[in-house]
Amino acid sequence: MEVTTRPTDYYALEELLTEEERLTRDMVRQFVEREVLPHIGEWWMRGEFPRHLVPRMAELGMLGANLPQEYGCAGIGNVAYGLIMQELEYGDSGLRSFVSVQSALVMYPIYAYGSEEQKRTWLPKLSRGEVIGCFGLTETSAGSDPASLQTRARRTRDGWILNGTKMWITNGSMADLAVIWAKDEEGEIRGFLVETSWPGFSAHEIKNKVSMRASDTSELVLEDVHVPEEYVLPKAVGLKTALGCLTQARYGIAWGAVGAAIACYEEARNYALGRIAFGKPIASFQIIQERLVDMLTEITKGQLLVYHLGRLKDSGRMTYAQVSLAKRNNVRMALNIARAARSILGAYGITVEYHAIRHMCNLETVDTYEGTYDIHTLILGRDITGISAFS
Ligand code: TGC
Ligand code: FAD
């Protein structure tokens, strides 16, 4: 397999990876180099998610990759899973988002909170990419505070009736299956599987974005949608279960952000070596060197964070506050690096011929979704002081 070696492995982390982890990473790296990078700027400008890549990503085992083989998934470890996210986001945050949502926010809740029959029905189809999923938690007035969501679930003789509107939902217009979080008549939050073809369900794509342009972001409207009893996730009861899915997705995002940061750093370094100003490569100027050094230092710290977090996750010791620390740090780190890389590229840096500005715009979303930077600060603040700033 021909893959590019990266100059960003400054602490020889390669040595810590198993053979399986290296092979997984290299396979995704090759896919991104060949099938994503040559076209991503164009897709992003057109505001188009590259849907034709879904069967390829499925074939390469990327969907629900860390879930068990008995449900048709690859059954790989969490470091290998993280490396998939890193390599995908090296290409574009929208691509990583697609895989994050399918894997951590749709397949994971079915795996963790579904019945055996639901797992056997849905997981193999989701893993093969035959069914695309989305996750509806956020609403127009309930983003950082999902406990205040307004979507209602009313019990009927043979199931439930759902009413409400979900906002900013990744994959929303493409999805065949939606995981919807709604409050029952007692005010308890529950998770439901909803087929998007059912009467009363509609999705409306949000088109006026300057971030995540190669990703489908939609509003979901549920008007008296009838959900049969066998579509209720039996163990998805309480906000905690919804938050448990977010932990899985945030874990992947913390890895993905490292990929976006590496892409920006490499581009800025290469450009600085070739760009002449005042008769010399700009890489010879001390200010540019300092910026590159700061970038590489932050990337190296971010790599070490997620690597060890992955080992903690594999051994069942990872806490959700540790995930908050990695998501908060790595995404803000990548955003700062994308901005710095864009500035090194000068005027050329404002075009999509280069990758930095696309990553920069995407990372504004990544810094906001799955818990904003501020929310993760407060999750950590609560964890280390024992005092909640939320209530
Ligand atoms: P709080 O009291 O903190 O929590 C209720 C119970 O849940 C536990 N818990 C968690 N468990 C697992 N994982 C987590 N991440 C958890 N966070 C909290 C908590 O220990 C408690 O358990 P127990 O046993 O004591 O009952 O509830 P709160 O209402 O005060 O909420 C706190 C807060 C602000 C941290 C939470 O609401 C939050 O995380 N808000 C951010 C919302 C968010 O991140 N939304 C993301 C929507 S999905 C999305 O953006 C997808 S983007 C697409 C992509 O991923 O690519
Ligand atoms: P708000 O909660 O209104 O926050 C606004 C500002 O106030 C932020 O700066 C925030 O940090 C700050 N703030 C809020 N509360 C506090 C506090 N207590 N202390 C200090 N500051 C605070 N959601 C889904 O359910 N599924 C998806 O698939 C999904 N995909 C998304 C895709 C995109 C492209 C985007 C942009 C969002 C997506 N989201 C999704 C929604 C995302 O999770 C929310 O946008 C996010 O949780 C923040 O909520 P909000 O936008 O309502 O901001």
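Description of the structure in this document. Every chain's residues receive numbers from 1 upward, in the order its sequence appears when written. Note on labels: chains are lettered from A, ligands numbered from 1, in written order. Where local features are concerned, this predicted model is filtered to residues with pLDDT of at least 70; where side-chain atom pairs are given and counted, the filter is 80 or more; whole-chain, interface and lining totals use all residues. With hydrogens and water stripped out, all remaining heavy atoms of the structure feed into the side-chain values.

### Focus: the environment of Ile 344
(1) Moving on: Every helix listed is a DSSP run of H or I at least four residues long, and every strand listed is a run of E at least two residues long, numbered separately from the N terminus. Note on placement: Ile 344 falls in helix 9 (residues 320-344).
(2) Moving on: Along the sequence, Ile 344 and Glu 42 sit 302 residues apart, while their C-alpha atoms lie 23 Å from each other.
(3) Moving on: Excluding residues within four positions of it along the chain, Ile 344 makes contact with Ala 268, Tyr 271, Ala 272, Ile 282, Ile 288, Arg 291, Leu 292 and Met 295. Two residues qualify as a contact provided that any one of their heavy atoms is within 4.5 Å of a heavy atom in the partner residue.

### Concerning the site of ligand 2
(1) Moving on: Note on terminology: near, applied to a residue and a molecule or strand, indicates that one of the residue's heavy atoms is within 4 Å of it. As a structural note, the neighbourhood of ligand 2 is formed by 17 residues, with Thr 138, Ser 144, Trp 168, Thr 372 and Asp 374 the closest of them.
(2) Moving on: A distance of 3.0 Å is found between an oxygen atom of ligand 2 and a backbone nitrogen or oxygen belonging to Leu 137.
(3) Moving on: Polar contact criterion, stated in full: a pair of N or O atoms within 3.5 Å, where within protein one must be able to donate a hydrogen and the other to accept it, and residues adjacent in sequence count only if both atoms are side-chain atoms. Within the contact set of ligand 2, an oxygen atom lies 2.7 Å away from a side-chain nitrogen or oxygen of Thr 372.
(4) Moving on: Protein chains bury 66% of the 980 Å² of accessible surface belonging to ligand 2 in isolation.
(5) Moving on: Elements supplying a minimum of two residues to the shell around ligand 2: strand 3 (159-170), helix 10 (356-368) and helix 11 (373-385). For accessible areas, the Shrake-Rupley method is used with a probe of radius 1.4 Å. Any residue's cover is judged against the shown protein chains and nothing else.

### Topic: a negative patch on the surface
(1) Moving on: A cluster of acidic residues, Glu 117, Asp 158, Glu 229 and Glu 230, forms a negative patch on the protein surface.
(2) Moving on: Its location among the elements puts Asp 158 in the loop between strand 2 (152-156) and strand 3.
(3) Moving on: Relative accessible area decides the class of each residue, using a 1.4 Å probe on protein chains only: under 20% of the type maximum gives buried, over 50% gives exposed, and in between gives partly exposed. Overall, the relative accessible area of 43% leaves Asp 158 in the partly exposed class. Patch membership needs two things, relative accessible area over 30% and no salt bridge, and members are linked within 9 Å if like-charged or within 5 Å if nonpolar (Val, Leu, Ile, Met, Phe, Trp, Tyr). Salt bridges, as used here, are contacts in which a Lys or Arg side-chain nitrogen is within 4 Å of a carboxyl oxygen on Asp or Glu. Charge counting treats Lys and Arg as positive and Asp and Glu as negative, with His and both chain ends excluded. To locate a charge, the coordinates of NZ of Lys, CZ of Arg, CG of Asp or CD of Glu are taken.

### Brief notes about the nonpolar core
(1) Moving on: Residues Phe 31, Met 57, Leu 88, Leu 162, Trp 181 and Val 194 are the most contacted members of the largest nonpolar core, which totals 128 residues.
(2) Moving on: Tallying contributions element by element places helix 7 (residues 239-274) first for this core, with 19 residues.
(3) Moving on: Beyond its immediate stretch of four places on either side in the chain, Val 194 contacts Leu 162, Asp 176, Leu 177, Ala 178, Ile 180, Phe 201, Leu 222, Val 225 and Val 227. For the purposes of this section, nonpolar cores are sets of buried Ala, Val, Leu, Ile, Met, Phe, Trp, Tyr and Cys residues that join through side-chain atoms within 4.5 Å.

### Quick notes on the site of ligand 1
(1) Moving on: Lining the immediate environment of ligand 1, one finds 28 residues, of which Ser 97, Lys 240, Thr 247, Arg 250 and Gly 371 sit closest.
(2) Moving on: Within the contact set of ligand 1, an oxygen atom lies 2.7 Å away from a side-chain nitrogen or oxygen of Arg 250.
(3) Moving on: Contact distances for ligand 1 include 3.0 Å between an oxygen atom and a side-chain N or O atom of Tyr 320.
(4) Moving on: Within the complex, the protein chains bury 77% of what would otherwise be the 1100 Å² of accessible surface of ligand 1.
(5) Moving on: Mapped onto the shell around ligand 1, the elements with two or more residues apiece are helix 5 (93-113), helix 7 and helix 11.
(6) Moving on: Sorting elements by how many residues they give to the shell around ligand 1 places helix 7 first, with eight residues.
(7) Moving on: Three categories are distinguished: nonpolar for Ala, Val, Leu, Ile, Met, Phe, Trp, Tyr, Cys and Pro, charged for Asp, Glu, Lys and Arg, and polar for the others, with Gly belonging to the last. Of the residues belonging to the shell around ligand 1, the class tally is 14 nonpolar, nine polar and five charged.

### A closer look at the pairing of strand 5 (residues 189-195)
(1) Moving on: Along strand 5, six of the seven residues are buried, which leaves the element largely enclosed by surrounding structure.
(2) Moving on: Direction of pairing for strand 4 (residues 177-183) relative to strand 5: antiparallel, over a ladder of seven bridges. Counted as the bridge partner of Trp 181 is Gly 191 from strand 5.
(3) Moving on: Criterion used throughout: strands pair if DSSP finds at least two bridges between them. Counting the residues in the hairpin turn of strand 4 and strand 5 gives five residues, including Gly 187, whose phi is positive at 85°.
(4) Moving on: Pairing of strand 5 with strand 8 (residues 232-237), which is carried by two bridges, proceeds in the antiparallel orientation. Looking across to strand 8, one finds that Arg 190 is bridged to Val 237.

### A closer look at the packing of aromatic side chains
(1) Moving on: Each Phe, Tyr or Trp ring, with Trp reduced to its six-membered ring, pairs with another whose centre is within 6.5 Å; inter-plane angles below 30 degrees give stacked pairs, above 60 give edge-to-face pairs, and intermediate values give tilted ones. Inspection of every chain in the model, using the stated rule, returns twelve aromatic pairs.
(2) Moving on: Aromatic side chains Tyr 71 and Tyr 111 sit 6.1 Å apart centroid to centroid with 65° between the ring planes, which places their arrangement in the edge-to-face category. Taken together, the residues span a long stretch of sequence, with Tyr 71 in the loop between helix 3 (54-59) and helix 4 (78-91) and Tyr 111 in helix 5 at a distance of 40 residues.
(3) Moving on: In this structure Tyr 71 comes out as buried when scored by relative accessible area, which is 5%.
(4) Moving on: The class of Tyr 111 is partly exposed, set by a relative accessible area of 30%.
(5) Moving on: Here Trp 198 and Tyr 231 contribute two aromatic rings whose centre-to-centre distance is 4.7 Å and whose plane-to-plane angle is 70°, an arrangement assigned as edge-to-face.

### Let's talk about the packing of helix 5 against helix 7
(1) Moving on: Helix axes use the C-alpha atoms of the stretch in contact, all axes being lines fitted to C-alpha atoms, and the angles between their N-to-C directions lie in the range 0 to 180 degrees. Their axes nearest at 9 Å, the elements helix 5 and helix 7 cross at an angle of 145°. Where helix 5 crosses over helix 7, the handedness of that crossing is right-handed. On helix 7, the residues that touch Arg 96, Ser 100, Ala 104, Leu 105, Tyr 108, Pro 109 and Tyr 113 of helix 5 are Lys 240, Thr 241, Gly 244, Cys 245, Leu 246, Gln 248, Ala 249, Gly 252, Ile 253 and Gly 256.
(2) Moving on: Class assignment for the residues of the contact of helix 5 with helix 7 results in nine nonpolar, six polar and two charged. Less than a right angle of anticlockwise turn of the near helix away from the far helix marks a crossing as left-handed, whereas a clockwise turn marks it as right-handed.

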